[in-house]
Amino acid sequence: MVSAGRNDEVPPVPAGRAPPRTKPRPPPSPFYIPLNITLYVCLISNGIAAFLAPIQDCDEVFNFWEPTHYLDHGYGLQTWEYSPVYSIRSWLYITIHAFVGKLGSFVVGSKRAEFYAIRAFLALFCAACQTRLYSAICRTLSPRIGLLFLMVIAFSPGMFHASASFLPSSFTMYMSMLGLTAFLDWRSGQKTAQGIMWFGLGAIVGWPFAGALIVPLLLEEIVIGFISGSLRTVFANILNGALRCLAILAVEIGVDFAFLRKFAMVPWNIVAYNVFGGEGRGPEIFGTEPWTFYFRNLLLNFNIWFIFAISAAPLLFFQAAFRQQTTSKETLWRTVTLITPFYMWFAIFTLQPHKEERFMYPAYPFLALNASISFHMILSYVGSGNPRELMGRIPAKLKLAAVMAVVLAAVNAGLLRTVGMITAYSAPLRVFAPLEQPGVAQAGDSVCFGKEWYRFPSSFFLPEGMRAKFIRSEFRGLLPGEFPDAASVSSLLEGTSRIPEGMNDLNEEDLNKYVDISQCSFLVDSSFPGQATTEREPDYVHDESQWEQLSCKGFLDTSQTGLLGRLVWIPDFPLIPDQFRRHWGQYCLLRRRSQDTAAR
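An unreviewed UniProt entry annotates the protein as Mannosyltransferase originating from Aspergillus melleus.

Below is the structure:
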């Protein structure tokens with residue numbers, strides 16, 4: 001007896017008629033959302049970040065934007081990390097972005113536009129990596145897991161910040177996505193060597209600690225090879241991948257040798273400084289955070305998706321224990337492998353005293369995958385129609401409403417957080433626009449930074465020839481110095497290989513990094529109602545006898561704003577109660593008044 005709905009049985013053909021043509025039914029698409037649409041979604045999300053996201057970390061400016069500016073324009077600020085004495089930053093990573101910036105300079109008309117051209121390139125590259133990983137997840141795991149993954153990466157504030165940031169941790173995140181794609185995609189055979197190459201590229205050129213993310217994936221390959229009797233092939237692929245990584249390392253050493261005039265293995269120098277720095281050295285001198293830091297940070301950046309991500313292992317255990325019919329041994333083993341990297345990364349960095357948000361960037365794709373797998377397991381249970389289970393007796397429309405409520409809450413929370421960050425902290429990217437107007441800045445002018453030194457968005461926002469300088473403030477650490485001016489490639493290489501004065505790896509203040517305020521033609525300062533002034537940090541914004549306000553933008557006064565206003569965007573409507581409203585200070589570009597004007 002043939003079951004209803006099958007096409008096995010062909011009806012008889014009447015005499016004199018040709019048999020009807022039957023077309024095989026096409027296989028179902030592995031994608032709920034086509035790849036071109038996925039790419040557009042990622043491009044829009046990352047593009048908004050490229051053009052609107054504030055710079056969150058001064059390391060991004062001084063360690064990456066400034067050296068890039070030096071290669072493209074012959075001058076810029078230099079940190080101790082680039083001194084040949086320490087050599088813990090790779091010039092290969094900088095050169096790649098400087099090349100993109102130089103190409104952009106042939107098209108765009110200003111250095112600020114060059115800055116955004118580099119960011120746009122990063123956004124595009126990230127979108128391509130995201131789309132490739134989405135494709136692999138849909139084809140090898142589940143279209144639903146792929147759709148959930150896309151929602152997490154497109155609407156989470158964490159991915160918004162990481163996608164277009166000029167940071168090795170963002171570059172490593174891109175490589176993690178490509179590496180994970182290779183390990184997922186077994187079409188035309190396993191791609192172990194390719195996966196090792198991508199993870200290796202991220203670890204060598206980006207951040208060496210990211211190599212830990214590949215460990216569970218490699219262990220799975222070895223176990224499968226042992227069980228299937230193809231262990232020799234697995235090790236041959238691993239050797240192939242290792243040789244590719246050695247080639248990448250050789251290129252980096254060669255590039256760094258050209259810039260530093262010495263042999264330097266930057267990935268090892270980074271590990272040695274951070275792990276074996278010794279007493280009084282290492283990242284802890286720049287501050288430490290409690291063990292709860294990443295719990296709070298990831299809740300802000302991924303809201304409920306982070307809860308799903310850390311729930312992946314418990315949910316998998318309960319599914320394997322109580323719903324065995326839905327989980328085969330192969331599926332269980334594969335899922336354990338895929339969810340482990342995020343747990344490893346999260347545990348390793350939670351145990352480190354020095355914590356920063358960007359340290360989590362390489363694991364963001366794994367967080368998104370964990371969250372998607374968790375939610376997929378929940379949906380599988382919620383969608384059950386088995387009347388013997390509790391969920392099977394709940395009306396389908398009610399279950400759909402509950403699921404959509406969770407998804408919409410997560411998306412809206414992410415969007416409100418993102419809009420809140422853009423509107424609250426983007427002033428440093430906007431106040432320098434008047435300097436590009438004719439007659440405002442003169443050759444040889446300098447713009448000075450006191451207490452706002454760490455929010456300087458880079459020399460790309462200053463007209464050609466204008467220099468950033470520092471004046472004394474309450475800050476007592478080591479500020480950046482300056483690369484020697486360079487007008488040619490040979491002088492550039494001479495400048496990068498010269499040992500700068502006044503640099504140290506102890507964060508000890510160097511007084512030679514400051515200039516007297518009388519040398520400042522322009523000054524960047526902020527004024528907040530909730531912030532007290534000091535002798536070294538007076539209220540320059542309202543010192544109208546010496547300075548005029550050339551450009552001022554609103555900047556969130558966190559000391560006067562409640563918790564909700566600091567976390568998400570809240571409209572500045574009069575009907576909003578004061579305890580929930582956001583309160584503002586001023587972030588200003590000031591111009592020194594002429595002597596005649598000041599005397600009036």
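Draft legend 1. Broad picture of the pairing of strand β5 (residues 522–527). Of all 6 residues making up β5, 6 are buried, and the element is well covered by its neighbours. Both faces of β5 are covered, namely the face carrying F522, V524 and S526 and the face carrying L523, D525 and S527. Two elements, strand β2 (residues 446–449) and β5, share 3 bridges in a ladder whose sense is parallel. For V447, the partnering residue across the bridge sits in β5 and is F522. Pairing of β5 with strand β7 (residues 584–592) involves 6 bridges; the strand directions are antiparallel. Within β7, the residue paired with V524 across the bridge is L589.

Draft legend 2. Quick peek at the side chain of S551. Tracing the backbone shows S551 in strand β6 (residues 547–556). You can call S551 buried: its relative accessible area is 9%. Only 3.4 Å separates the side chain of S551 from the backbone oxygen of V431, close enough to count as a polar contact. The contacts of S551, once residues within four sequence positions are left out, are R430, V431, P434, Y587, C588 and L589.

Draft legend 3. How the structure looks around the environment of W305. Looking at the element boundaries, W305 is found in helix α13 (residues 304–310). Residue classification places W305 among the buried residues on the basis of a relative accessible area of 3%. In the structure, W305 is positioned 157 residues away from L148 in sequence and 10.0 Å away in space, judged by C-alpha atoms. With residues near it in sequence (within four places) discarded, W305 still touches M151, V152, S156, L367, A371, F375 and A410.

Draft legend 4. How the structure looks around helix α16 (residues 364–382). Between the first and last C-alpha of α16 there are 27 Å, a value that for 19 residues agrees with the 27 Å anticipated at 1.5 Å per step. Of all 19 residues in α16, 16 are buried; the element is thus mostly enclosed.

Calculation criteria
- Residues numbered from 1 in each chain as written.
- Predicted model: local features only at pLDDT ≥ 70, side-chain atom pairs only at ≥ 80, totals over all residues.
- Heavy atoms only, no water.
- Buried < 20%, exposed > 50% of the residue type's maximum accessible area, 1.4 Å probe, protein only.
- Helix = DSSP H or I, 4+ residues; strand = E, 2+ residues; numbered from the N terminus.
- Pairing = 2+ DSSP bridges.
- Polar contact = N/O pair within 3.5 Å; in protein donor to acceptor, adjacent residues only side chain to side chain.
- Contact = heavy atoms within 4.5 Å.
- Expected span 1.5 Å × (residues − 1).

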